[in-house]
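Letter by letter, the chains look like this.
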Amino acid sequence: MLSLLKLNQKMLDDDFMATSRQLQHVHFSDNDINSSEVACYSFYKDVISTIGEGVLKNPPSNKNSNEFFNQLRNFTKQSSGGGIEPMLFGFLPHFLMMLVLIVTVSRVLHFILRRLKQPLIVCQMIAGFVIFLPWKKDKHDEYSKYNLFTWPNNRRLEEVMALTGLLLYLFLAGLKMDVSMVWRSGKKPAIIGIVGLFIPLLLCSFAYAFLHNFLNPFVKNQEKFMFFIVALLCTSCFPVLADILSELQLLNSEVGRLALSSSMIQNLLGWVFKAIFVALNQSQNGVKIGIMSVTLFFLLVFFNVFIVRPYGLWVVQNTPSNGNVRDVHIFVIIATMILTTLACDFGGITYLFGPCIMGLALPNGPPLGTALIERIELVASEVLFPLIFIIEGENMDLIAAAGQELRLWYWMVLIVIVVSVAKVATVAAVAAYCDVPVKHGLLLGLILNFRGFVEMYTLIYFKQGQVIDSATYTMIMLSIIMVTTICVPLVSTLYKPLHVENHASGQTVQQMWSHAELRLITCFFDDNPIPTLLDFLECASSSEAKKHTTVYALHLKKLEACAVSSFICHCNEKGHIKSEEMDHVHNHFIAFGQVKKECVTVLPFTTIAPQKTMYQDVCSLILKKNTALVIVPFTRKNSLADVETPRGMSGAFLPLVLEQARCSVGIMVYHGITRITSASHPHWKYFVGVVYMGGPDDREAVAIATRMAYHPCVYLKFFYFRIPSKSMNPNKDSMSSYNMEQTLDDEVIYDLQRENINNDRLAVSECIMTDVEQAMSTIHSLGNKYDLLIVGRRRGLSSSVINAEFEEGFDMFELGMIGDVLASSKYSKPANVLVVQQYNPS
């Protein structure tokens, strides 16, 4: 790769040399060009003449390698009409090569280092430095000034494109921030964020005062450097934390949410620090200029709060439901963002304020936030933004840093480490004061020490402003990479969101006492499965049974156009329901709870989380509430409508719930047929069939169905499929296990019949399975006869003989073999199916 880069450089040098010689002999008459064309021509002539002089100092030696390039140059001249070669022929290969290099190297490094749990941002920063290593042989080497990444007359294309990507990236980062989280999160994140900022700030100030005289020869501007240390080491950057936590799949964890809320507060305070710094910096050119910069900052805030945000809200209100935002609104917002950025730059304040404040002002989430992210994110994040790491690597000078005294290395690294350790200790102490576990407090401090591109660009800004030199920049940059490289693997290794140290062990319905309270979670993505879920709750919560049921209605919403996940409890401490931020889908459960208030309590919840980690909120709620059952909806193809009913997100997170949940899991397969629950009607009847073949899951299914037997409108029938002992393997161990399992299965049916001896609505049908065809025929015949079919997901030892036969044509692994057969839509009136998996602590 290096030889190819050098060959390409020699080709470009030859091309620039030839072009410069041509331009020096080209003349135009006044009739041929106007004044603007003369100015443009003069500019390009000066640029290429400058490049030609630099190239002639180091003429390429390999003549044969330029033959192909000359032919290609002639071809481009002919394609452009035979005139001067297009300028794109010079910088386009540069740009494409830079883009391919930084993306490829960073992805390769990430593929290698992710086994060490290193995030992508660390790999990108390392890639920017690694790419420039071959070119930085000597700081006095003239050839290195004209390497692959240098553009004529120091007007580098990559810097312009990288800054454009940075502006768009910061705009999207502000758009994904939910400022209302600052008020909704309560006092805990505010205390942790503020104290976690100012205590390390004081320690940093003391450390700087102690090292003031020692650092004086190496730092050119003491006051600026002080503000630089404050902004860089004491604040936590929200976009960096959000990206790394998303990569670690900790966005919707308890510590992750607390860290994001605290970092958001620190981020806002950090912007205040930067605004003060910019004002003080501008005041050196006059007090009026400093006052003007502060005034412009407040005007920018006023413009975004009272003009941009109302416009965004108006766009959201006028966009139809499930409709797309009009292109003209996207254009107006992007154009306004560019204009505010230019105004900030011309007004003397940093241009980074413009996109960040405008992103914060616009409403996040669908439809506007989602539309903006869909239009911008791919180009900004994957194409333009990685170029910022080219600038980072270009400014690093390892040779200059290595030539410094060892004491300077020691003190620079010590400052970074002391502030980082002080931040961890402070955050842990404050978190303990706020009743956060000590381990979580330490992990929170480590997360708030994550560093990334914001700190990196702040370093570049001060280096280009001659606040620090290349050696100091390199040392601090490497120290920051070192801190992030250490903190991220520690958090990934030590923090397990579903750790059950302080929670009760998992429960099952079968283990509960017959009259104990049943606590269960009903999950739903939309209102389609609600009638089926309410029918099930109606059957399982009869007032005549004197068994109380607590229902946690959990609405699962995919996180869109926002970096902060949310877990919202719509009840206060006294149990009163709060209507704020509650969706209409909760109203059905709340109305059900009011009708059945004697025996049912409904508590509504909402989780907004990434699809791949949504299961963590479900499992966390199971641990907190010590529930015995969680119901997850699942859809199949509706043969009546002959259309594919959307499965929602259940297919993505359902296997993780089955694996991680510390309670029994019920998969409610519904067929998209909406029916209003009418249990109050005197003639309402609900027919439930239970397929029982034995095993832990089938025994749990019987335990759930037993609670339905008390409802006066529910008619239950159990189909007990038994396998003769002669069909089993004659092995002694197998027969012993079979007999033990068969005894447990028989006891469940015996207890069921004994408790319901006078219940005419319950029947047990025992079927001896002589062959698989008979069992399949009986199971298929149940699809049209019942409103709900209940079956275990996994088969026990007593029915293992038929496992191989059922595996033929097995479609949905989540539903199990029998559940997949029952859930198929090959019926004129398909029944809803509840597939049960019993929790097994082993």
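The following paragraphs examine the structure supplied in this document. (Residues numbered from 1 in each chain as written. Predicted model: local features only at pLDDT ≥ 70, side-chain atom pairs only at ≥ 80, totals over all residues. Heavy atoms only, no water.)

**A few points about the overall build of the chain**
Move 1: Check the secondary structure of the chain and you find 31 helices and 11 strands.
Move 2: When each of the 842 residues of the chain is scored for burial, the buried share is 53%.
Move 3: Taking the contacts inside the chain whose residues are at least 6 apart along the sequence as the reference set, 82% of them involve residues at least 24 apart.
Move 4: As displayed, the chain offers around 38800 Å² of accessible surface, 59% of which is attributable to carbon and sulfur atoms. (Helix = DSSP H or I, 4+ residues; strand = E, 2+ residues; numbered from the N terminus. Buried < 20%, exposed > 50% of the residue type's maximum accessible area, 1.4 Å probe, protein only. Contact = heavy atoms within 4.5 Å. Areas by Shrake-Rupley, 256 points an atom, 1.4 Å probe, with all protein chains shown as cover.)

**Here we look at the nonpolar core**
Move 1: Core analysis: the largest hydrophobic core is formed by 104 residues, its most contacted members being L166, F353, I388, F450 and F453.
Move 2: Of the residues forming this core, the biggest block, 10 residues, is contributed by helix α22 (residues 470-494).
Move 3: If we ignore the near neighbours within four places in the chain, the residues touching F353 are W271, K274, A275, V278, F297, L300 and C344.
Move 4: Within the second largest apolar cluster, 50 residues are counted, among which are C523, V657, L789 and A831. (Core = buried A, V, L, I, M, F, W, Y, C linked by side-chain atoms within 4.5 Å.)

**Some remarks on the pattern of salt bridges**
Move 1: According to the stated counting rule, one finds 10 salt bridges in the structure shown.
Move 2: Across the pair R519 and E517 runs a salt bridge, and its minimum N-O distance is 3.4 Å.
Move 3: Residue E538 is joined to K596 by a salt bridge in which the shortest nitrogen-to-oxygen separation is 3.5 Å. Of the two residues, E538 is situated in helix α23 (residues 530-540) and K596 in the loop between α24 (585-595) and β4 (600-609); the sequence distance between them amounts to 58 residues. (Salt bridge = Lys/Arg side-chain N within 4 Å of Asp/Glu carboxyl O.)

**Thoughts on α23**
Move 1: Counting buried residues in α23 gives 11 out of 11 residues, a clear majority hidden from the surface.
Move 2: For α23, the complete set of buried residues consists of I530, P531, T532, L533, L534, D535, F536, L537, E538, C539 and A540.

**Quick word on a nonpolar patch on the surface**
Move 1: On the surface, I417, V421, M482, I486, L490 and L494 cluster together into a nonpolar patch covering about 480 Å² of accessible area.
Move 2: The set of elements that each furnish at least two residues to the nonpolar patch consists of α19 (406-433) and α22.
Move 3: In terms of residues, the nonpolar patch owes the most to one element, α22, which gives four residues.
Move 4: Within the secondary structure layout, I417 lies in helix α19.
Move 5: Taking the relative accessible area as the measure of exposure, I417 reaches 36% and is therefore partly exposed. (Patch = residues over 30% accessible without salt bridge, like charges linked within 9 Å, V, L, I, M, F, W, Y side chains within 5 Å.)

**Description of the packing of aromatic side chains**
Move 1: Throughout the structure, instances matching the rule amount to 14 aromatic pairs.
Move 2: Between F297 and F353, the ring centres sit 5.2 Å apart and the planes meet at 65°, which makes this aromatic pair edge-to-face. Here F297 is found in helix α13 (residues 287-317), whereas its partner F353 is found in helix α15 (residues 353-361), with 56 residues between them in sequence.
Move 3: A relative accessible area of 1% means that F353 is categorised as buried.
Move 4: Arranged with centres 5.6 Å apart and planes meeting at 85°, the rings of F385 and F389 form a pair that is edge-to-face.
Move 5: Note on F389: relative accessible area 0%, which makes it buried. (Phe/Tyr/Trp six-rings, centres within 6.5 Å; stacked < 30°, edge-to-face > 60°.)

**Digging into the environment of E377**
Move 1: If you trace the backbone, E377 turns up in helix α16 (residues 368-384).
Move 2: Sequence-wise, E377 and Y169 are 208 residues apart; in three dimensions their C-alpha atoms are separated by 7.5 Å.
Move 3: Excluding residues within four positions of it along the chain, E377 makes contact with L172, K176, L372 and E382.
Move 4: Among the polar contacts made by the side chain of E377, one reaches the side chain of K176 at a distance of 2.7 Å. (Polar contact = N/O pair within 3.5 Å; in protein donor to acceptor, adjacent residues only side chain to side chain.)

**Brief notes about the environment of R375**
Move 1: Here R375 lies in helix α16.
Move 2: A sequence separation of 45 residues divides R375 from I330, and the C-alpha atoms of the two residues are 8.6 Å apart.
Move 3: With residues up to four places along the chain from it excluded, the contact list for R375 reads V325, D327 and I330.
Move 4: A distance of 3.0 Å separates a polar atom in the side chain of R375 from a polar atom in the side chain of D327.

**Structural notes on the pairing of strand β7 (residues 686-692)**
Two faces, one strand: in a regular strand the side chains alternate between the faces of the sheet.
Move 1: Judged by how many residues are buried, β7 sits mostly within the fold: six of seven residues are covered.
Move 2: One ladder, built from seven bridges, connects β7 with strand β8 (residues 714-722); its direction is parallel. In the sheet register, G689 faces β8, and the bridge partner there is K717.
Move 3: In this region the chain leaves β7, passes through helix α27 (residues 696-708) and returns to the parallel neighbour β8; the handedness of that crossover is right-handed.
Move 4: As judged from the four bridges shared by β7 and strand β10 (residues 788-792), these two strands associate in the parallel manner. Bridged to V690 within β10 is I790. (Pairing = 2+ DSSP bridges. Right-handed = clockwise from strand over helix to strand, strands pointing away.)

**Examining empty space enclosed by the protein**
Move 1: A complete count under the given rule lists eight cavities of 30 Å³ or more for this structure.
Move 2: The volume enclosed by the second largest cavity comes to roughly 210 Å³.
Move 3: C237, N267, W271, K274 and V454 are, among the 20 residues lining the second largest cavity, the residues nearest its centre.
Move 4: Top element by residues in the lining of the second largest cavity is helix α12 (residues 254-283). It accounts for five residues.
Move 5: Residue classes in the lining of the second largest cavity are distributed as 11 nonpolar, seven polar and two charged. (1 Å grid on protein atoms, 1.4 Å probe; cavity = no way out; pocket = protein on both sides within 12 Å on 5 of 7 lines; lining within 4 Å. Points joined across faces, edges and corners; volume = space filled by probe spheres on them. Nonpolar A, V, L, I, M, F, W, Y, C, P; charged D, E, K, R; others polar.)

**Side note on the side chain of T627**
Move 1: Considering the arrangement of structural elements, one finds T627 in the loop between α25 (614-625) and β5 (629-635).
Move 2: Here T627 falls in the buried class, since its relative accessible area comes to 1%.
Move 3: Sequence-distant contacts of T627, that is, excluding residues within four places in its chain, are made with Q507, R519, L520, I521, Y552, I622 and C663.

**Considering the sheet that holds β8**
Move 1: Overall, mixed pairing links the 11 strands, which are arranged β3-β4-β2-β1-β5-β6-β11-β10-β7-β8-β9 in an open sheet. One side of each edge strand has no neighbouring strand; the edge strands of this open sheet are β3 (566-569) and β9 (762-768). Neighbour-to-neighbour, the strand axes of the sheet open up by a mean angle of 20°, direction not taken into account.
Move 2: This element, helix α31 (residues 816-823), spans β6 (664-670), β7, β10 and β11 (832-837) of the sheet and lies at about 160° to β10. (Axes fitted to C-alpha atoms, helices over the stretch in contact; angles between N-to-C directions.)

**Considerations on the packing of helix α6 (residues 157-176) against α15**
Helix-helix packing is characterised by the crossing angle of the two axes and by the distance between the axes.
Move 1: For the pair α6 and α15, interaxial distance at closest approach is 7 Å and the crossing angle is 30°. Here α15 runs roughly parallel to α6, going by the angle between their axes. As for the relative orientation of α6 and α15, their crossing is right-handed in sense. Mapping the contact onto sequence places L167, L170, F171, G174 and L175 in α6 and P355, C356, M358, G359 and L360 in α15.
Move 2: Of the residues belonging to the contact of α6 with α15, the class tally is eight nonpolar, two polar and no charged. (Parallel < 35°, antiparallel > 145°, perpendicular 65-115°, else oblique. Left-handed = near helix turned anticlockwise from the far one by under 90°.)

**Comments concerning unusual backbone geometry**
Move 1: In this model, P366 is joined to P367 through a cis peptide bond whose omega is 0°.
Move 2: The residue P367 is located in the loop between α15 and α16 in this model.
Move 3: One non-glycine residue, Q249, lies in the positive phi region at around 60°.
Move 4: On the secondary structure map, Q249 appears in the loop between α11 (238-247) and α12.
Move 5: We classify Q249 as partly exposed; its relative accessible area is 32%.

Read these as geometric descriptors, not functional statements.
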